Amino acid sequence: MKDDADFRVSLAEYQLKAVDAMSETLRTVSGLHDREPQHRERISRELGVILLQAPTGSGKTLMLGRALEAVRGQLGAKTVWFWFAPYAGLVTQTRSALIAQCGALRQRDIYADREASAARDGDVFVQTWASVAVIKKESRKVRTDKEASLSVDTMIAKLREQGFRIGVVIDEAHLNFGSGAAATADFFLKVMSPDFTVLATATPNDTKLEKFERDVGLKVASRVTVSRDAVVKAGLNKIGLMVGVLRFKEEDRALIDTEVATLTAGWSQHSFIKAKLAERGISLTPLMLVQVEDQQEGKDDPVARVRERLIEIGVPDKAIAVHTSGEPDPAFHTLAYDPEIEVLVFKLAVATGFDAPRAWTLVSVRPSRGRDFGLQIVGRIMRVHPLVRPLHGTEPLLDRGYVFMSDPALQVGLDEAAADLKAVREGIAVLTDNLDVTVLGNDERAADSYGATPLPPPPVQAVPGESEVDRRDRQLSMGLLNSNYISASAAHQKSALDAVEGFSAPAAPPLFPDLPDVLSPRIKPLMSGAQEHQIKYHLRTDLGLPKALAREELPNLFDIEGDLCPMIAREFCRMVPMTSMLLAVNSNAELSMRDLFNAGQTDQRNLSVRMSAARIAEQAQAQLMFNDGIDPRRIREAVEAELSRLCEKKGIAATTRDIRRTISLAILRQPHSLREAVRISQSHYVRLESSEPIPLETFGLQQAEPAKKGAYGAFIGRYNRPELAFAQMIDNDDSGLVKWWLRNPENEKWATRLILPTGKRFFPDFVVGIVRPEQIAQAAMTI
């Protein structure tokens, strides 16, 4: 409310209704106290509790303060109010708002001013629960009587002796009593024992509210609900909330740090908003919020990491503020108003309640995100700054908040929060003399709490082909059956299954039924009644086989590395245009945004995202490790030298960092080119050897199937199905092309082999002798 401090603001229509409803209810409860003072505690707990549920930015503090002002002097007795905020920073924020907008309420300080005799109707003490109810030094001070001052316990007792009533306001009530819940509840019930309790929350979570009621022994009797639509219509909340998702090029996906990319998207959006404000002549600096995870033991400080990355993407260091303490600094909220600060880095605790009306954009790199996160985040960036309200509804860019998350899969919290907020409807249900309640459906607990009888569930139209069990499941999902029915149903299903004898799950089908069983044991080919006895088979010299097979040999790579690596570098630089990649430090990503509150509202644009130098270098190093015989450092050094030479030749100014980064990027984007460069370079050193003769004889099964063109006259050895099919095909060739074939064993000195770019030796499965093309041509001419 800082921006409204110079004048008393007029209430919007929904605020007037809420203030009237709360003040009228307080008067009604006061009348009950006057009429039946002997039931004070029961009236206080069962009828004297009011809940104000309103979106963040709707002016909850203003509505509460104006309601307390409205009943000053009208509650049958003087009343002193104790207002509890969850954090110290919100205490300062609340005090400032009440001083500016609720001047009839007198501010009191629980630490310095506990004199009961000085009290007057409408006094308000604003503090945290920790200041009075948690066992620590500060709370012990205010709970201890001294000569110069009373304890808060004694002050409350004396106020009652003087005829004062006690009222309590609990802001952010969804937080309950926090970590010191037991001590706080005891203080609330036994020391304060308030006559009036007003709860306020922006979080429509009945589960937490019910827990609060159980913990404290209260019952919310009156509820004032403000819908988000009403707040938007009044120009106090932004119209939409856009959630951004980044999609990267497949080839660059692994090279991009998603956290840096998300921060880039947020800063880009922040810059658009800043430019639009300047274009419209609004003297306002927007604020980008960045939420980080808590630091874990043994890991880097996330705040320092994010700050470094913000600076890396171009955010000025002086424009970044950081807040990380477990409980916010009392001066924390002033950061939201400092125009020099454009980015505020914070943790989860600070996400609750602080007022930042110039915040449009939020980036979250925190991994845990639930519904409460969504509700709080929506609140932080959905307020409308007073200077922008005249444009409300006319400027789409300024009418929306923007959220970017490092993991798009974790948008569930925001989706749930938006659904909750859209489902809230404006309504006022307060104390009346006659309570007429109808409970729909079969919610037995709700019916019992109102003394009503639950109505039977409505009939559900049958779906063709739907079983009884499926129909019951559908009724459960629609909330038409209770858990007792489901338990009985589940028991029935179990007994039915137990009655089926011999029941077993069907075997899972094979994943690849059409592929050959290459991993199965080798097949003994064409054997009927195969015998294990082996006999000797002789090499057939009539087929024209050579005496020896050619094989590739490579000298010791260590001996040739000095010449080989520069040759690899030249080939690689010839194949890959690296000089044109020197400035390719960014990748184009697609930024898609959708509006959570307005279906169908989307926006898409391209975003230039800086690729991570660390990731590029790390993954490029892994790509260099494909040849065990060549030191990858020597290859990189040679490529660096070659690229530097090319840059100098072409007059390109490039730093060593640019060159190294470009080489890493080229290796990652075209790894096949590097392997091809190695293959070509190695070929200059490969020599053909044929000094080991083919064995003149070998052993095989006695009844092996004969092979017409097999080198040993039979299908000897072990084959899998594809290998056997290939051998049979070439053995039965009638074209005259195949002269002979030989099973090529692995790791035999005489077997033919090739040298791969990895430096490993490759042994083909077969060696096939074929008729030369000129012989085929000559034979054709003869025919």
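Given the structure is predicted, the values throughout are model-derived calculations rather than measurements.

**Overview of the overall build of the protein**
1) Next: Summing up its helical and strand segments, the protein has 24 helices and 24 strands in all.
2) Next: Relative to its full complement of 783 residues, the protein shows a buried share of 47%.
3) Next: In the protein, the proportion of contacts linking residues at least 24 apart, taken out of those at least 6 apart, comes to 75%.
4) Next: Surface exposure of the protein reaches about 39,700 Å², of which carbon and sulfur atoms provide 52%.

**Looking at the nonpolar core**
1) Next: Membership of the largest hydrophobic core comes to 70 residues, with the highest contact counts inside it found for V290, L310, V343, F572 and M578.
2) Next: Ranked by residue count, the leading element in this core is helix α18 (residues 557-575), at 7 residues.
3) Next: Those residues in contact with F572, other than ones at most four positions away along the chain, are M578, V639, A666, I667, Q670, S673, L674 and A677.
4) Next: One finds L26, L75, W83 and V169 within the second-largest nonpolar core, a separate group that totals 42 residues.

**Let's talk about the packing of aromatic side chains**
1) Next: Taken as a whole, this structure holds 8 aromatic pairs when the rule is applied.
2) Next: On the numbers, 5.1 Å between centres and 50° between planes, the contact of F726 with F766 is tilted. Of the two residues, F726 sits in helix α23 (residues 721-731) while F766 sits in strand β24 (residues 766-770), which places them 40 residues apart along the sequence.
3) Next: Residue classification places F726 among the partly exposed positions, given a relative accessible area of 33%.
4) Next: Judged by relative accessible area, F766 falls into the buried class, the value being 14%.
5) Next: A network of ring pairs unites the aromatic residues F715, Y719, F726, W741 and F766 as a single cluster.
6) Next: R228 extends its terminal NZ or CZ atom over the ring of F597, reaching a point 3.6 Å from the ring centre.
7) Next: Taking NZ or CZ as reference, R743 lies 5.1 Å from the ring centre of F766, over its face.

**Some words on the sheet that holds strand β18 (residues 602-610)**
1) Next: Overall, mixed pairing links the 8 strands, which are arranged β10-β11-β9-β12-β13-β8-β17-β18 in an open sheet. Of all strands in the sheet, those bounded by a partner on one side alone are β10 (320-323) and β18. Within this sheet the neighbouring strands show an average axis-to-axis angle of 25°, counted without direction.
2) Next: Pairing of strand β9 (residues 287-291) with strand β12 (residues 359-364) involves 5 bridges; the strand directions are parallel. Residue Q291 lies in a different strand from β12, and its bridge partner there is S364.

**Topic: the pairing of strand β13 (residues 400-405)**
1) Next: For β13, a buried count of 6 out of 6 residues is recorded, marking the element as mostly surrounded by other parts of the structure.
2) Next: The side-chain alternation of β13 yields two buried faces, one formed by R400, Y402 and F404 and the other by G401, V403 and M405.
3) Next: Pairing analysis gives 5 bridges linking strand β8 (residues 240-247) to β13, with the strands arranged parallel. Looking across to β13, one finds that L241 is bridged to G401.
4) Next: Note that β12 and β13 share 4 bridges and pair parallel. Bridge assignment links L362 to a residue of β13, and that residue is V403.

**Let's talk about the side chain of R605**
1) Next: Relative to the elements of secondary structure, R605 occurs in strand β18.
2) Next: Buried charge without a partner: R605 forms no salt bridge, and the closest opposite charge is D603, 4.1 Å away.
3) Next: A polar contact of 2.8 Å, which involves the side chain of R605, links it to the side chain of Q269.
4) Next: Not counting residues within four places of it along the chain, the set of residues in contact with R605 comprises S268, Q269, F272, A589, E590, L591 and M593.

**Re helix α7 (residues 152-161)**
1) Next: Of all the residues in α7, the buried ones are V152, M155, I156 and L159. Relative to the axis of α7, the buried residues are bounded by an arc of 100° and lie together on one face.
2) Next: Just past α7, the residue G163 takes up positive phi, approximately 90°.

**Structural notes on unusual backbone geometry**
1) Next: In this structure, S193 is a non-glycine residue whose phi angle is positive, near 40°.
2) Next: Positionally, S193 belongs in the loop between α8 (181-192) and β6 (196-201).
3) Next: According to the relative accessible area criterion, S193 is buried, its value standing at 15%.
4) Next: Even without glycine at this site, N747 takes up a positive phi of about 65°.
5) Next: In this structure, N747 sits in the loop between β21 (738-743) and β22 (754-755).
6) Next: Its relative accessible area of 53% is what places N747 among the exposed residues.

**Some details on the pattern of salt bridges**
1) Next: As enumerated under the stated definition, the model contains 31 salt bridges in all.
2) Next: Across the pair E395 and K276 runs a salt bridge whose closest N-O atoms are separated by 3.8 Å. Taken together, the positions of E395 in the loop between α13 (371-381) and β13 and K276 in helix α11 (residues 258-279) put the pair 119 residues apart, joining distant regions of the chain. Here the two residues E395 and K276 agree in accessibility, since each one is buried.
3) Next: For R540, the salt bridge identified is with D542, shortest N-O distance 3.0 Å.
4) Next: Under the relative-accessibility criterion, R540 is labelled partly exposed at 23%.

**A word on the packing of helix α3 (residues 60-70) against helix α4 (residues 88-101)**
1) Next: α4 packs onto α3 with a crossing angle of 50° between their chain directions and a minimal axis gap of 10 Å. As far as their axial angle goes, α4 and α3 are oblique. Crossing handedness for the pair α3 and α4: right-handed. Seen from α3, the contacting residues are T61, L62, G65, R66 and E69; seen from α4, they are T94, A97, L98 and Q101.
2) Next: Among the residues making up the contact of α3 with α4, the classes are represented as 3 nonpolar, 4 polar and 2 charged.

Rules used in this analysis
Residues numbered from 1 in each chain as written. Predicted model: local features only at pLDDT ≥ 70, side-chain atom pairs only at ≥ 80, totals over all residues. Heavy atoms only, no water. Helix = DSSP H or I, 4+ residues; strand = E, 2+ residues; numbered from the N terminus. Buried < 20%, exposed > 50% of the residue type's maximum accessible area, 1.4 Å probe, protein only. Contact = heavy atoms within 4.5 Å. Areas by Shrake-Rupley, 256 points an atom, 1.4 Å probe, with all protein chains shown as cover. Core = buried A, V, L, I, M, F, W, Y, C linked by side-chain atoms within 4.5 Å. Phe/Tyr/Trp six-rings, centres within 6.5 Å; stacked < 30°, edge-to-face > 60°. Lys NZ or Arg CZ within 6 Å of the ring centre and 35° of its normal. Pairing = 2+ DSSP bridges. Axes fitted to C-alpha atoms, helices over the stretch in contact; angles between N-to-C directions. Lys, Arg positive; Asp, Glu negative; His and termini not counted. Salt bridge = Lys/Arg side-chain N within 4 Å of Asp/Glu carboxyl O. Polar contact = N/O pair within 3.5 Å; in protein donor to acceptor, adjacent residues only side chain to side chain. Arc of directions from axis to C-beta. Parallel < 35°, antiparallel > 145°, perpendicular 65-115°, else oblique. Left-handed = near helix turned anticlockwise from the far one by under 90°. Nonpolar A, V, L, I, M, F, W, Y, C, P; charged D, E, K, R; others polar.

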